[in-house]
Amino acid sequence: MAILDKIVALAKRRGFVYPGSELYGGIGGFWDYGPNGVELANNIKRSWWQAMVHDREDVVGLDSAIIMNPKVWEASGHVSSFTDPLTECKVCHQRFRADQPDEIEAHTDKHRHEGQKSVAWTEARQFNLLFRTFVGPVEDNSSLAYLRGETCQGIYVNFLNVLSSMRVRVPFGIAQIGKAFRNEVTPGKYLFRVREFEQMELEFFVHPREATERFTYWKEERLRWHLSLGLQKDHVRFRQHESTERAHYAADSWDIEYDYPEWGWKELEGIANRTDYDLKTHGKWSGKDLSYSDPLTNERYIPFVIEPSVGVSRLFLALLIDAYKEDDKRAFLQLKPSLAPVTAAIFPLVANKPQLVEKARSVYHFLKKHFVVGWDDRGNIGKRYLAQDEIGTPWCVTVDYDTLKDDTVTVRDRDTTKQERVSIDRLKEYIGAKL
Ligand SMILES: [Zn+2]
């Protein structure tokens, strides 16, 4: 079985990722995060927020609404040109992106194998990726609105608000984590090309003459962060966009790519120098002055924007792939302990000895105040280890008969499977130190 198939199966089996609305046959391009998945995703987001906001003096956070005044999307160009070329198979009327030759070829081949002699395709036309909805009780053009196609627009339209309400001075950044939506023609590649996803975006505002230097800084900073989460060095790389593939307003654009099994190098994070395009455009469309006046030099200018932007689910998937390990006895997720859905799992050696269970419950309730802990009293200890290994729990704590005598427990390490006796009063420090 290919590694990716194993991970998809594990993710479902162990409560990380379920197909969206599976009960009703699913819906393409939407996935649900299960109990362990939401913990991992939250840990990823918490780590990003810590690194991008709390650890810094020059970045503040924001949470803007998903539905915005539709003029935002006209100004940003999404209404007119946030499109993919779409072509339709004339045999079965299934639609595909005209700029994905591999998928068109595969589909054409499929029909040929079915005995179809000629497989024709319609002329490509532009298909807008914005999801539409209506605000209020009347459904017409005056109430038309869009689910946001990217989170950064919420940052640009709040630039003046943040400037006037917070004690910030350029250079500074505004960070946001939130949902975005793209009506992809052909969602696919599991969590990679989805229609609803979560972005972690920073818009960093700088003086135009400092833009290049800041761009380089953020590139290095972002790579460092990905490596700090445990991604392997040889699985990530930088790739500079060709001038033809980057947005017309971007002065420079790089991807941090991840080497996904089967698909090869694909974008994990994008870092762009968006120049003064966004603030200038919103200034023009809104009629408001979005320039910045330097309090020290009195110079007035429109700041450039450096944008590092990463999708939670792409990173989530890369981390699962990198963490997945197997040997002849077991499969386990070697996640960085601070990212693991459960930090420690507590087991009574057997479930039918009230004294053991009671003691284990007290350890569980004590640790629960400090860490995310799990409980398992089903089956034998070996099976419980295997289950915890597959969700990446770094430590399993077993309460046994010796515990009742000397107040020590067995702590079993996920990666080495080695066991150690630790006294209960040291347990919190023991786990805290390793975490
Ligand atoms: Zn077809």
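Our subject is the structure listed above.
The rules behind these values
Residues numbered from 1 in each chain as written. Predicted model: local features only at pLDDT ≥ 70, side-chain atom pairs only at ≥ 80, totals over all residues. Heavy atoms only, no water. Pairing = 2+ DSSP bridges. Helix = DSSP H or I, 4+ residues; strand = E, 2+ residues; numbered from the N terminus. Axes fitted to C-alpha atoms, helices over the stretch in contact; angles between N-to-C directions. Contact = heavy atoms within 4.5 Å. Core = buried A, V, L, I, M, F, W, Y, C linked by side-chain atoms within 4.5 Å. Buried < 20%, exposed > 50% of the residue type's maximum accessible area, 1.4 Å probe, protein only. Donors = N, O, S within 2.8 Å, 3.2 Å for Na, K, Ca; no water. Tetrahedral: all angles 85-135°; square planar, octahedral: opposite > 155°, others 65-115°. Salt bridge = Lys/Arg side-chain N within 4 Å of Asp/Glu carboxyl O.

**Student:** Mind showing me how you'd approach the sheet that holds strand S13 (residues 264-273) here?
**Tutor:** Read from one edge to the other, the open sheet built from seven strands follows the order S3-S9-S10-S16-S13-S12-S11, with strand pairing classed as mixed. Looking at the sheet topology across the chains shown, the edges are occupied by strand S3 (59-62) and strand S11 (236-240). Each neighbouring strand pair of the sheet contributes to a mean axis angle of 25 degrees, computed without reference to strand direction. The pairing of strand S10 (residues 196-206) with strand S16 (residues 304-311) spans six bridges and is antiparallel. Each bridged residue has a counterpart across the sheet, and for Val-206 the counterpart in S16 is Phe-304. This element, helix H10 (residues 312-323), spans S10, strand S12 (252-260), S13 and S16 of the sheet and lies at about 35 degrees to S12.

**Student:** What should I look at first to understand the nonpolar core in this one?
**Tutor:** Generally speaking, soluble globular proteins have nonpolar side chains that are buried together. Ranked by internal contacts, the top residues of the largest apolar core, which has 56 residues, are Phe-16 and Leu-315. Leaving out residues up to four positions away in the same chain, Leu-315 has contacts with Ile-44, Met-200, Trp-225, His-226, Leu-229, Leu-231, Leu-268 and Val-310.

**Student:** So what exactly am I meant to see when it comes to the sheet that holds strand S19 (residues 344-348) here?
**Tutor:** Working definition: the strands of a sheet are paired by backbone hydrogen bonds and lie parallel or antiparallel to each other. Taken in spatial order, the five strands make up an open sheet running S20-S19-S21-S22-S23, and their pairing is mixed. Edge strands, defined here as strands with exactly one partner in the open sheet, are strand S20 (373-375) and strand S23 (419-423). Looking at each pair of strands side by side, their axes are set apart by 30 degrees on average, direction ignored. Where strand S21 (residues 395-399) meets strand S22 (residues 408-413), four bridges bridge the pair, whose relative direction is antiparallel. Paired with Trp-395 across the two strands is Asp-413, which belongs to S22. Packed on one face of the sheet, helix H12 (residues 381-391) meets S19, S21, S22 and S23 and runs near 165 degrees to S19.

**Student:** Just to check I follow, could you spell out the environment of Phe-347 for this structure?
**Tutor:** With respect to the secondary-structure elements, Phe-347 resides in strand S19. Discounting residues that sit within four places of it in the chain, Phe-347 has contacts with Ala-360, Asp-376, Ile-381, Arg-384, Tyr-385, Gln-388, Cys-396, Val-397, Thr-398 and Val-399.

**Student:** Whenever I open this one, the coordination of the zinc ion confuses me. Can you help?
**Tutor:** The zinc ion binds to the protein through Cys-89 (SG), Cys-92 (SG), His-107 (NE2) and His-111 (NE2); the donor distances cover 2.0 to 2.2 Å. Around the zinc ion, the four donor atoms are arranged such that angles at the metal cover 97 to 120 degrees; this shape is classified as tetrahedral. Taken in chain order, the donor set of the zinc ion reads C-x2-C-x14-H-x3-H. Placement of Cys-89 in the loop between strand S4 (83-88) and strand S5 (95-97) and of His-107 in helix H5 (residues 101-113) is noted, with a sequence separation of 18 residues between them. According to the relative accessible area criterion, Cys-89 is buried, its value standing at 0%.

**Student:** Would you take a moment to explain the pairing of S10 for this structure?
**Tutor:** The buried fraction of S10 is high, at ten of eleven residues. Across ten bridges, the pairing between strand S9 (residues 172-181) and S10 is antiparallel. Bridge pairing in S10 places Gly-173 opposite Phe-204.

**Student:** Can you walk me through the pattern of salt bridges in this structure?
**Tutor:** Charged atoms that come close allow side chains of opposite charge to pair. Under the definition given, this model contains 31 salt bridges. Among the ionic pairs, Arg-13 bridges to Glu-390, the shortest N-O distance being 2.9 Å. Of this pair, Arg-13 sits in helix H1 (residues 3-13) while Glu-390 sits in helix H12, and the two are 377 residues apart along the sequence. On the basis of relative accessibility, which here comes to 11%, the residue Glu-390 falls in the buried class.

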